[in-house]
Each structure stands twice: as C-alpha cells, then as structure tokens.
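Close look at the chain arrangement
The chain contents come next:
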Amino acid sequence: MTYAELANQGILTQPVYEAGKPIDQVARELGLDPAGIVKLASNENPLGPSPKALAAAKRALDEAQLYPDGGYYVLRERLARKWGLGMDQFIIGDGSNEILELLGHAFLAPGVECVMHRSSFIVYKLVTLMFGATPVEVPLGPGLRQDLQALAAAVTPRTRLVFLASPANPVGVANTEEEIAALVRALPPQVILVFDEAYAEYLERAPDMRPLIAEGRKVIALRTFSKIYGLASLRVGYGYAARELIAVVQRARQPFNVNGVAAAAATAALDDEEFVTRCRAANRAGMAQLEEGLARLGLEFVPGQGNFILTKVGDGVAVFDALQRLGLITRPVKGYGLPEWLRISVGTPEQNARLLAALAQVLRR
Ligand SMILES: *Cc1c(COP(=O)(O)O)cnc(C)c1O
C-alpha cells in the first residue's frame with residue numbers, strides 16, 4: 001500500500017500553490033546580493049508595517065510564554081467598533097486564507113459545487129478540491145472583467161459556496177457595489193457568497209456588505225492584515241458575517257489559531273488610520289507611475305484597483321526569468337491561465353523606476 005493510496009483523495013488533487021519566492025532564496029539560486037533584490041511578486045506593502053503595529057508586536061513578544069486569548073476578545077472588540085457590528089459577527093484567522101479553509105471544513109464535501117471565476121485566486125480552487133468538492137469555473141468577461149451575471153448563472157442546486165474577490169487577484173479589476181449586491185440577492189438560499197476583500201483598503205470607497213448581512217443575505221466578507229496593513233509575515237485576517245454563520249465557522253477553528261504577537265499587531269494596526277491613508281495615496285502614485293511607464297513601453301495593461309498591475313509581456317515566464325536575473329522578482333500568471341501576462345506589485349518610486357528600466361532592457365524597447 002502506498003501513502004498516496006492511503007491518503008484522502010482531496011489532498012491528492014491539490015495543485016501546487018506557487019508562491020512568490022523569498023528574496024534570500026532568489027539570491028542564493030542566482031548568486032546575487034540579497035540587498036540588491038526587489039520583490040514585487042506578492043503584493044506586499046513596500047512601506048513596511050505600521051509603526052504602531054510593530055511597537056505592539058514587540059510589546060506582545062515579552063509575553064510569548066503565555067497562550068494568547070483564544071477568543072481574540074480585544075481584536076474582535078476593536079473590529080466590532082470599527083464596523084458597527086457585534087463582536088460575535090467576527091472570526092479571526094491565521095491569514096484570511098485560513099478562513100477560506102475553515103469555510104471548507106464547515107460547508108464543503110464531495111458532491112457539492114463551488115462557483116468561481118477562471119483566473120481567480122488559486123486558494124478558492126485548492127480549498128474546494130481539498131474537501132472533495134467540485135470547482136465550477138466561469139470565464140472572465142471582456143477586458144478580464146469579472147462577469148457576476150455569469151457567476152450567478154453557474155449556480156446549481158448543488159452549489160454551496162461562490163467565491164468572489166474585488167478587486168480581484170491576479171487581474172486587479174474591481175466590481176461595483178451594485179453588481180455585487182445584485183449577485184448576492186440572486187443567490188438561492190443554499191448558497192453563501194465568500195466575498196474576499198483583501199485589497200478593499202486600496203479603493204476610495206469599498207462596497208459595503210453590512211446592509212446585505214443585515215437583510216439576512218448569505219455572505220461572509222474576508223479582510224486581511226497582509227496587504228495595506230503590511231503584516232503579511234504575521235498571518236492575520238478576519239471574516240465578518242451574520243452571527244449564525246460565524247458561529248458555524250468558529251466550530252472549525254483551532255482554539256489558538258492566531259498567535260498573540262499577530263493579534264496585538266493587528267489590533268494596533270486598526271488604530272493607525274493615518275498609515276493606511278498614507279499607503280493608499282502612495283499606492284495610487286506608484287500605480288500611476290507604473291501605468292505611465294508601461295504605456296511608454298507600448299505594453300498593454302489592465303487598469304487595476306489593488307496594489308498590483310497585470311501587464312501583457314508576451315512570454316510571461318521568460319520575462320519573469322529575465323527580470324529575476326536582474327534582481328527583480330515579479331509574478332508570472334501562467335498557472336492562472338494567463339501565460340502572456342505578468343503581475344507586478346506596486347513598489348516604492350525607486351523600485352517602480354528600476355522595474356520599468358529592467359523591463360525596457362529585457363524587452364529591448
Ligand atoms: C493576499 C490575498 C489574500 C490574503 O491572504 P492572507 O492569508 O490573509 O495573507 C486573500 N485573498 C486574496 C485574493 C489575496 O490576494
């Protein structure tokens with residue numbers, strides 16, 4: 001008997017998630033100085049974490065011998081105040097990715113279907129397959145826009161979860177609040193919308209899910225501290241929804257799923273609105289810089305609304321390789337069915353300029 005024969009089938013069907021390589025690994029592999037490498041591959045915050053969050057994390061480290069508050073009372077209390085919702089409407093996860101998995105534990109099984117866009121965040125498919133459920137992928141519309149009517153049309157009596165990110169990753173395009181509300185209201189009662197708001201803080205005004213939750217629609221919204229809050233390494237995210245939905249998902253959670261340092265940092269990060277505002281403005285300027293530069297190089301791009309841009313470079317993997325040899329890590333998106341495109345995170349002005357210069361060199365423009 002092989003181990004593969006002994007394993008759960010959902011595990012064996014997992015495609016490998018290709019994360020952006022860490023700087024040190026690229027430096028080792030290519031014999032480069034890590035200090036000279038720029039990573040624009042994982043949509044991390046080029047301005048680092050909020051100083052307030054960092055200070056809180058350092059204070060929490062002094063109590064590392066203690067288990068954290070497994071109910072994450074302080075963080076949920078702070079979130080409840082921020083959103084004007086009840087504390088029992090929040091769940092804290094080891095990154096919002098963990099909440100995606102908890103939703104799988106709670107709601108997925110063989111025979112159940114999950115609807116998502118083709119070229120959407122790979123974790124939706126990983127979670128669906130892990131629990132033996134079936135992914136149903138809907139093509140993107142023109143301009144790589146997410147077609148929410150097509151998403152609704154793919155729902156069947158077997159559908160349990162619909163996954164949607166806005167702004168989407170890797171395409172970067174956002175849907176309107178009206179489109180999203182219409183989708184939620186079109187879903188039959190056995191279907192939950194998992195609305196992934198990982199990049200919502202980059203929008204001037206993010207769609208408000210609270211009215212939909214209040215009117216009893218089945219939706220859970222997911223947020224993360226990995227992107228604009230600059231805490232990707234600490235792994236914290238949260239979900240908010242009707243208390244009945246949260247109560248079910250809480251049952252799938254380990255008692256101490258998020259470490260105390262991360263929970264303290266996340267709580268403090270919520271108090272640093274000034275940092276978020278500054279990062280949003282810096283991102284907007286960096287995005288304009290990249291758009292202008294790509295246009296000058298004659299490259300097509302998708303006007304994205306997150307902190308990254310998708311641009312058409314021909315052979316995405318080849319250009320990624322060539323850029324990496326110049327010390328710039330980007331993200332090819334061939335695995336997302338977009339082999340001609342490259343995803344580039346918005347960096348500091350200097351990093352963006354270096355990326356554009358390297359791209360000009362690689363493409364000989
Ligand atoms: C980055 C990202 C997340 C957040 O992941 P964490 O586990 O919170 O780090 C979730 N969804 C999408 C679409 C993302 O791009």
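Residues numbered from 1 in each chain as written. Predicted model: local features only at pLDDT ≥ 70, side-chain atom pairs only at ≥ 80, totals over all residues. Heavy atoms only, no water.

Turning our eyes to something else, we now look at the overall build of the chain. Per the secondary structure count, the chain includes 15 helices and 13 strands. For the chain, the C-alpha radius of gyration of 21 Å lies close to 21 Å, the compact-globule estimate for 365 residues. Counting only C-alpha atoms, the chain reaches 55 × 55 × 50 Å along its principal axes. Buried residues in the chain amount to 53% of all 365 residues. In the chain, the share of contacts with a sequence separation of at least 24, taken over all contacts with a separation of at least 6, comes to 72%. Working note: accessible area of the chain is about 16,200 Å², and carbon and sulfur atoms make up 55% of it. Averaging the locations of the 38 positively and 38 negatively charged side chains of the chain gives two centres separated by 1 Å. (Helix = DSSP H or I, 4+ residues; strand = E, 2+ residues; numbered from the N terminus. Rg over C-alpha atoms; globule rule 2.2 N^0.38 Å. Buried < 20%, exposed > 50% of the residue type's maximum accessible area, 1.4 Å probe, protein only. Contact = heavy atoms within 4.5 Å. Areas by Shrake-Rupley, 256 points an atom, 1.4 Å probe, with all protein chains shown as cover. Lys, Arg positive; Asp, Glu negative; His and termini not counted. Charge placed at Lys NZ, Arg CZ, Asp CG, Glu CD.)

Here we take up the pattern of salt bridges. Under the counting rule described, the total for this entry stands at 17 salt bridges. Arginine 205 serves as the salt-bridge partner of glutamate 177, at 3.5 Å between the closest nitrogen and oxygen. Remark: arginine 205 occurs in the loop between strand 6 (192-196) and helix 10 (210-214) and glutamate 177 occurs in helix 9 (residues 177-186); sequence separation between them is 28 residues. With relative accessibility at 22%, the residue glutamate 177 sits in the partly exposed group. If you follow the salt bridges from partner to partner, you end up with Arg185, Glu215 and Arg217 in one network. (Salt bridge = Lys/Arg side-chain N within 4 Å of Asp/Glu carboxyl O.)

By size, the foremost hydrophobic cluster in this structure holds 54 residues, and its most contacted members are Leu193, Met209, Phe225 and Tyr240. The element contributing the most residues to this core is helix 12 (residues 260-270), with 7 residues. Taken domain by domain, the makeup of this core includes at least three residues from each of domain 1 (3-36 + 273-364) and domain 2 (51-269). Ignoring sequence-local partners within four residues, the contact set of tyrosine 240 consists of Trp83, Leu85, Gln89, Phe90, Glu197, Met209, Ile213, Val219, Ile220, Ala221, Arg223 and Ile246. (Core = buried A, V, L, I, M, F, W, Y, C linked by side-chain atoms within 4.5 Å. Domains from an automatic or database assignment.)

For the rest of this paragraph, the subject is the sheet that holds strand 7 (residues 219-224). Strand order across the open sheet formed by 7 strands is 2-8-7-6-5-3-4, with mixed pairing between neighbours. The sheet is open, and its two edges are formed by strand 2 (90-93) and strand 4 (134-138), each paired on a single side. Shown here is a sheet whose adjacent strand axes are inclined to one another by a mean of 20°, direction ignored. In this sheet, strand 6 lies alongside strand 5 (residues 159-165) in parallel orientation, the contact comprising 5 bridges. For leucine 164, the partnering residue across the bridge sits in strand 6 and is phenylalanine 195. Against the sheet, helix 5 (residues 73-83) engages strand 2, strand 7 and strand 8 (237-240), with an angle of about 130° to strand 2. (Pairing = 2+ DSSP bridges. Axes fitted to C-alpha atoms, helices over the stretch in contact; angles between N-to-C directions.)

Let's shift gears to the packing of helix 13 (residues 273-296) against helix 15 (residues 349-363). At a closest axis distance of 10 Å, the pairing of helix 13 and helix 15 adopts a crossing angle of 15°. When the axes of helix 13 and helix 15 are compared, the pair comes out roughly parallel. Note on packing geometry: the crossing formed by helix 13 with helix 15 is right-handed. In this structure, helix 13 contributes Gly286, Gln289, Leu290, Gly293 and Leu294 to the contact, and helix 15 contributes Pro349, Asn352, Ala353, Leu355, Leu356 and Leu359. (Parallel < 35°, antiparallel > 145°, perpendicular 65-115°, else oblique. Left-handed = near helix turned anticlockwise from the far one by under 90°.)

To continue, consider the sheet that holds strand 9 (residues 301-302). Ordered by their spatial adjacency, 4 strands build an open sheet running 9-10-13-12, and the pairing between neighbours is antiparallel. In the strand order of this sheet, the two ends are held by strand 9 and strand 12 (331-332), each with one partner. Where strand 9 and strand 10 (residues 308-312) come together, 2 bridges link them in antiparallel fashion. Bridge pairing in strand 10 places phenylalanine 301 opposite threonine 311. Helix 13 contacts strand 9, strand 10 and strand 13 (341-345) of the sheet and is inclined by roughly 10° relative to strand 10. Strands strand 12 and strand 13 of the sheet are contacted by helix 14 (residues 316-325), whose axis makes an angle of about 40° with strand 13.

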